[in-house]
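Below are the chains, spelled out letter by letter.
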Amino acid sequence: MANILITGCSSGIGLETAKLLKNNGYKVYATARKKEDVLMLQELDFIAYKLDVTNQAEIAEVLEKILKLDKNLDAVFNNAGYGQPGAIEDVSTDTLKEQFETNFFGLHEVTLQVMRIFRNQGYGKIIQHSSVLGIISLKFRGAYNASKYAIEGIADTLRQEVINDNIFISTINTGPVTSKFRENSLKKFNENINIKDSFHRKTYEKELKTRLENKDDGGLFNLPPSSVANVVLKIMKSKNPKPRYYVTKATYILGFAKRILSSKLLDKLLNKF
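Residues numbered from 1 in each chain as written. Predicted model: local features only at pLDDT ≥ 70, side-chain atom pairs only at ≥ 80, totals over all residues. Heavy atoms only, no water.

**Q** How should I be thinking about the overall build of the protein chain in this particular structure?
**A** From N to C terminus, the protein chain includes 10 helices and seven strands. Relative to the globule expectation of 19 Å for 273 residues, the C-alpha radius of gyration of the protein chain, 19 Å, shows essentially globular dimensions. The principal-axis extent of the C-alpha atoms belonging to the protein chain is close to 55 × 40 × 35 Å. Restricting to contacts in the protein chain with at least 6 residues of sequence separation, those with at least 24 account for 70%. Carbon and sulfur atoms make up 52% of the accessible area of the protein chain, which totals about 13,800 Å². Taking the average location of the 40 positive side-chain charges in the protein chain and that of its 30 negative ones, the two points are 6 Å from each other. (Helix = DSSP H or I, 4+ residues; strand = E, 2+ residues; numbered from the N terminus. Rg over C-alpha atoms; globule rule 2.2 N^0.38 Å. Contact = heavy atoms within 4.5 Å. Areas by Shrake-Rupley, 256 points an atom, 1.4 Å probe, with all protein chains shown as cover. Lys, Arg positive; Asp, Glu negative; His and termini not counted. Charge placed at Lys NZ, Arg CZ, Asp CG, Glu CD.)

The following block contains the structure:
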């Protein structure tokens, strides 16, 4: 029975992926940052551990527990992350660092520690959860854009470094998917952005906050979290998974636009979002 470690399983994509893989016969090590979410996962009959990806010791501890139970690890799905909204000029350096600590440095640390296991056993799959915003950039999402572009950089590089080995790196570029992403983003927006003193105050009040409070995650382009879970299942079943998977029509459309349009035309198109 192949096994997989999944980060960020408290809800949405992580939880849906854990359920789907478990139902398809995979042994899932589901993790979450909060103790109450770990208890929820255990009640759902998962092998669940507390794992904050910004904590190196917790990552090492979880991997040690997995190896004691199974002696090997077949795959990891780096799913943990969140979005920090706000104009670039309103996002402090400390806030940007916080965004990177989870979305990029946490993912990188999990990848580093898992790579040591994969090198020793001679095989493995690393699934990096990026975004359509790792391909194109949208206004007022600069911190999140940057963190996802960084994931693209290390994933593209790591693929070349393992090209002759039995280790596979796959990146998933997800568009609008139903989850608690907007809810969590709204919380970070209110915590870290000084709306009152911002040059963009009117835009925040009339547009951005309305979007974040809207439960409709992407309108016609929106897909359920199972759309990502199905891709992870496909990767797990594949002997030679693809380096990149697009999820949602928005990702395909914007990915195509990035390839064919000039930067000026692309900026005009994206500025409508």
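**Q** I keep staring at the nonpolar core and nothing clicks. Help me out?
**A** Soluble globular proteins: nonpolar side chains tend toward being buried together. Counting residues in each nonpolar core, the largest one holds 28 residues, and the members touching the most others are Ile4, Leu21, Phe77 and Ile172. Contributing elements (two or more residues each) for this core: β1 (3-6), α1 (12-23), β2 (27-32), α2 (35-43), β4 (75-78), α8 (226-237) and β7 (244-247). When residues of this core are assigned to their parent elements, the largest contribution, six residues, is made by α8. Residue contacts for Leu21: discarding those within four places in its chain leaves Ile4, Ile6, Tyr26, Val28, Val232, Leu233 and Met236. Membership of the second largest hydrophobic core comes to 22 residues, among which are Tyr29, Val110, Val114 and Ile167. (Core = buried A, V, L, I, M, F, W, Y, C linked by side-chain atoms within 4.5 Å. Buried < 20%, exposed > 50% of the residue type's maximum accessible area, 1.4 Å probe, protein only.)

**Q** Whenever I open this one, the side chain of Thr111 confuses me. Can you help?
**A** The residue Thr111 is located in helix α4 (residues 93-121) in this model. Within the local environment of Thr111, its side chain forms a polar contact with the backbone oxygen of Leu107, the two atoms lying 2.8 Å apart. Filtering out sequence-adjacent residues up to four positions away, Thr111 remains in contact with Asn78, Ile126, Gln128 and Leu158. (Polar contact = N/O pair within 3.5 Å; in protein donor to acceptor, adjacent residues only side chain to side chain.)

**Q** Just to check I follow, could you spell out the pairing of strand β5 (residues 124-129) for this structure?
**A** Along any regular strand, the residues point their side chains to alternate faces of the sheet. Of all six residues in β5, six are buried, a share of seventy percent or more. Alignment of β5 against strand β6 (residues 167-174), held across six bridges, turns out to be parallel. Each residue of the ladder has a partner; that of Gln128, found in β6, is Thr171. (Pairing = 2+ DSSP bridges.)

**Q** Sorry, what's going on with α8 here?
**A** Along an α-helix, residues three or four apart share an orientation, since each turn contains 3.6 residues. Relative to the 16 Å expected for 12 residues at 1.5 Å per residue, α8 spans 16 Å between its end C-alpha atoms, a close match to the ideal helical length. Taken together, the buried positions of α8 are Ser227, Val228, Ala229, Val231, Val232, Leu233, Ile235 and Met236. Contacts from the buried residues of α8 go to β1, α1, β4, β5, β6 and β7. (Expected span 1.5 Å × (residues − 1).)

**Q** Sorry if this is basic, but what is going on with a positive patch on the surface here?
**A** A surface patch of positive charge is lined by Arg33, Lys34, Lys180 and Lys187. You can see Lys180 is positioned in the loop between β6 and α6 (181-192). Residue class for Lys180 comes out partly exposed when judged on its relative accessible area of 43%. (Patch = residues over 30% accessible without salt bridge, like charges linked within 9 Å, V, L, I, M, F, W, Y side chains within 5 Å. Salt bridge = Lys/Arg side-chain N within 4 Å of Asp/Glu carboxyl O.)

**Q** Please clarify how the environment of Pro85 should be interpreted in this entry.
**A** Tracing the sequence through the fold places Pro85 in the loop between β4 and α4. Placed 105 residues apart in sequence, Pro85 and Asn190 show a C-alpha to C-alpha distance of 9.3 Å.

**Q** Would you mind going over the environment of Leu186 with me for this structure?
**A** Looking at the secondary structure, you find Leu186 in helix α6. On the basis of relative accessible area, Leu186 is assigned to the buried category, the value being 17%. For Leu186 and Gly124, which are 62 residues apart along the polypeptide, the C-alpha to C-alpha distance reads 36 Å.

**Q** Honestly, the packing of aromatic side chains in this entry has me stumped. Any pointers?
**A** The description of two aromatic rings rests on the distance between their centres and on the angle between their planes. The tally for this structure, following the rule as stated, stands at eight aromatic pairs. For the ring pair Tyr29 and Tyr49, a centre distance of 6.3 Å and an interplane angle of 10 degrees mean the geometry is stacked. With Tyr29 in strand β2 and Tyr49 in strand β3 (residues 47-50), this residue pair connects regions lying 20 residues apart in the sequence. Between the aromatic rings of Phe100 and Phe105, the centroid separation amounts to 6.2 Å while the plane-to-plane angle is 50 degrees, which identifies the pairing as tilted. For Phe105, a relative accessible area of 41% gives the class partly exposed. Every member of this aromatic cluster is reached through a ring pair, and the members are Phe100, Phe104 and Phe105. Sitting above the plane of the Phe46 ring, Lys22 keeps its charged end 5.7 Å from the centroid. The ring of Tyr82 carries the charged tip of Lys188 above its face, separated from the ring centre by 4.9 Å. (Phe/Tyr/Trp six-rings, centres within 6.5 Å; stacked < 30°, edge-to-face > 60°. Lys NZ or Arg CZ within 6 Å of the ring centre and 35° of its normal.)

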